[in-house]
Structure formats: C-alpha cells, structure tokens
Amino acid sequence: MKYRLVSGPEEPQGAKPTMGMGETMSSDDLKRIAAEHALNLVAPGMKLGLGTGSTAAQFVDLLGAKVKAGLDVLCVPTSEATRRQAEGLGIRLSTLEETPYLDMTVDGADEADEALRLIKGGGGALLREKIVAAASARLVIIADNSKLVDTLGRFPLPVEVVPFGLTATRNLMKSLAYDAGCSGEMTLRLRPDGTRFLTDNGNYIVDCAFGEIADPEALDDALKLVPGVVENGLFLGLADLGVFAGPEGVTVISSEELDFEEGETV
Ligand code: 5RP
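What counts, and at which threshold
Residues numbered from 1 in each chain as written. Predicted model: local features only at pLDDT ≥ 70, side-chain atom pairs only at ≥ 80, totals over all residues. Helix = DSSP H or I, 4+ residues; strand = E, 2+ residues; numbered from the N terminus. Pairing = 2+ DSSP bridges. Expected span 1.5 Å × (residues − 1). Buried ≥ 20, exposed ≤ 12 C-beta atoms within 10 Å, placed from the backbone. Core = buried A, V, L, I, M, F, W, Y, C linked by C-beta atoms within 7 Å. Contact = placed C-beta atoms within 7 Å. Axes fitted to C-alpha atoms, helices over the stretch in contact; angles between N-to-C directions. Near = placed C-beta within 6 Å. Nonpolar A, V, L, I, M, F, W, Y, C, P; charged D, E, K, R; others polar. pLDDT = per-residue confidence, 0-100.

Engineer: So what about the environment of Ala65? Which residues, and what values?
Structural biologist: For Ala65, the location among the structural elements is in helix 2 (residues 54-68). Separated by 24 residues in the primary sequence, Ala65 and Leu89 have C-alpha atoms spaced 7.8 Å apart.

Spelled out as structure tokens, the structure:
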C-alpha cells in the first residue's frame, strides 16, 4: 500500500495541548477537528457511508448541520445507532441494498498504523462497517492521534462470531491465530449488565487480546478459515485517507495519489 504523511505535528511531542487562550483540548475536541476535516471532502449529491462510534458521531452531527443548511447527500449508516442519530438530524438515508455504490465512507477506528491498516469494532459494528467500506470508492478514517500505533494490537481485536458452536469456534480461532503468530486472552464481549453483547446482526463479539500483531495479513487469513467467524476487525487495504487530530496539529496519511503539497492539510 502506498501512503504519504501529508501534514504532521509542528510542535515537539508532549507539548501542552491548547486551544488558544490557554484552554486544554479534550479528546472530544480532537475528534471534532478530525470530523471537520472529513466534512470538507463532502460534495453536494454524494452518496456517503456513515461510520459508527463517538468520532463518526461527531461527523454525522456536523453533516446534519450542513444538511439543515441545504446540502443534499444520500447516506447509508453502518449501525442502528448511527441510523437513529442521522434520522434525528434529518439526513436523507438509504440502505446498502438500495444504494450499493457509495462515493465515500467516513468512519472512526480503534487503531491505525502508518500504512492505514486498522483495528475496528470497538463499538461492535465491524461487519456492517466493513461491508459499507468495501462498497465505497473511498474510505476516510477520522480519529484523535492516540489511535496511531507503530504495530496493531494494543487494542484487543474484535471478532464477530455466530452464536452457534461458540466454544468450537473459539478453539479453532485460538489454534489458527497461534499458527499466525498470535496468542492471548479471548473474551466474549458482555454488556454492562453482564448479558452477552449482541451485534446488530444478532451475533457475538470475541475480543482477542493478542498484543502486537506482527503479521496482520496472516492473522486475517487465519481467522477467515474459521467457519463460525463472520468477520474480524482488521481492515487491511481498505482505508484511503486517515485524518488524525492531535493537540499539536493534524496528521493526514494518504494511500491515494492526491495533489497534496507537503505540509498541507485537506
Ligand atoms: C465501531 C468502530 C469505531 O469506529 C471504533 O470503535 C472507534 O470508536 P470511537 O470513535 O468511539 O473511538 O469500529 O465498531
């Protein structure tokens, strides 16, 4: 994959996060800044995929305001939560069945490396997110820059599995992941009330704390061999642009050939 650092922090790492006038920037402020950058990429008439999670929700919020001001776009949400939010904001919605080709999807991520390989699924929407991303001409990832890592795996990898045969599925996942160089705690995701978390598709999530994933492609291939695995949270070769907001600036990583000048933001 080609990638290019388009703009990065100008201040030394560790400089005090400020918003001018000495105010400290919160993680929500950074998510908002990343979302604002993505909003600049939206053009009238576009068909958009809407991601899931707190950062994607900021984008949906900003898009809603633009729609209220007259912007015409047609959107496909990646989760029921995002559908409800977008509906509440008066954003015109479609389904992927009705609108199977999208111009751009804007989504968050739990982790990204410098080649824009991602871990997603912290919100449990990874399956629909991946289907929508694959149907989009362009996937734009927005996040605060704490999500940028040298090696994927600090965030436990979410894997969506069907409820039938959970133990057998987990055993095979463990064995094939081991062959791909990964091992660690594999935990069935629960809701805060202790009941099993169910995805929008009625499946379970197994969170795999493998630690550093040296070969994400090998792990992805291995997990795809397990019959009960519906999808895993590794998004490899899908993201085209990553916008990561930090207290010292916005880092944009592109896998596209774009006409950016060094030091320019989108
Ligand atoms: C949901 C996701 C989210 O994009 C990911 O969990 C990031 O969420 P947030 O923006 O709240 O940190 O993959 O399935």
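Engineer: Lay out the sheet that holds strand 12 (residues 234-235) in plain terms, naming residues and giving numbers.
Structural biologist: Taken together, three strands build an open sheet; the order of strands is 5-6-12 and the sheet is antiparallel. Edge strands, defined here as strands with exactly one partner in the open sheet, are strand 5 (111-112) and strand 12. Inspection of the sheet shows strand 6 (residues 118-119) paired to strand 12 by two bridges, in the antiparallel sense. Its bridge partner being in strand 12, Ile119 is matched across the sheet by Leu234.

Engineer: Before we move on, can you summarise helix 1 (residues 27-39) with the specific residues and values?
Structural biologist: Spanning 13 residues, helix 1 covers 18 Å between terminal C-alpha atoms, matching the ideal 18 Å at 1.5 Å per step. Listed in full, the buried residues belonging to helix 1 are Leu30, Lys31, Arg32, Ile33, Ala34, Ala35, His37 and Ala38.

Engineer: Would you mind going over the nonpolar core in detail, with residue names and values included?
Structural biologist: In this structure, Ala34, Ile142 and Val243 are the most contacted members of the largest nonpolar core, which totals 61 residues. Among all residues touching Ile142, those that are not within four sequence positions of it are Ala34, Ala35, Ala38, Thr55, Phe59, Val106, Gly108 and Val243.

Engineer: Can you lay out the sheet that holds strand 8 (residues 157-161) for me, pointing to particular residues and giving the numbers?
Structural biologist: Within the open sheet, the four strands sit side by side as 9-10-8-11. Their pairing is antiparallel. A strand with exactly one partner marks an edge of an open sheet, and here the two such strands are strand 9 (185-188) and strand 11 (229-232). Strand-to-strand twist of the sheet, defined as the mean angle between neighbouring strand axes without regard to direction, takes the value 25°. Bridge analysis of strand 8 against strand 10 (residues 204-209) gives five bridges, and the strand direction is antiparallel. Looking at the pairing, Val159 lines up with Val206 of strand 10. Relative to the sheet, helix 4 (residues 126-134) contacts strand 8 and strand 11, its axis offset from that of strand 11 by approximately 65°. Against the sheet, helix 5 (residues 166-179) contacts strand 8, strand 9, strand 10 and strand 11, and its axis sits at roughly 30° relative to strand 10.

Engineer: Can you tell me about the site of the ligand, naming the residues and giving the values?
Structural biologist: Around the ligand, 18 residues are found, and the nearest of them are Gly53, Thr55, Gly108, Gly122 and Gly123. Those elements giving two or more residues to the shell around the ligand turn out to be helix 2 and helix 4. The element best represented in the shell around the ligand is helix 2, accounting for three residues. Its residues assigned to classes, the shell around the ligand comprises four nonpolar, ten polar and four charged.

Engineer: Residues and numbers for the confidence of the model for the protein chain, please.
Structural biologist: Should the pLDDT be low somewhere, the predicted coordinates at that spot are not to be read in detail. In the predicted model, the protein chain carries a mean pLDDT of 91, and the fraction of residues at 70 or more is 88%. Mean pLDDT in the protein chain bottoms out at strand 1 (residues 4-7), which sits at 56, and peaks at strand 2 (residues 47-50), which reaches 99. Segment residues 9-17: pLDDT under 50, and twelve contacts once partners within four positions in sequence are set aside and those in other chains are kept. Low pLDDT, under 50, characterises residues 258-266; the predicted model gives this stretch 14 contacts beyond four residues in sequence or across chains.

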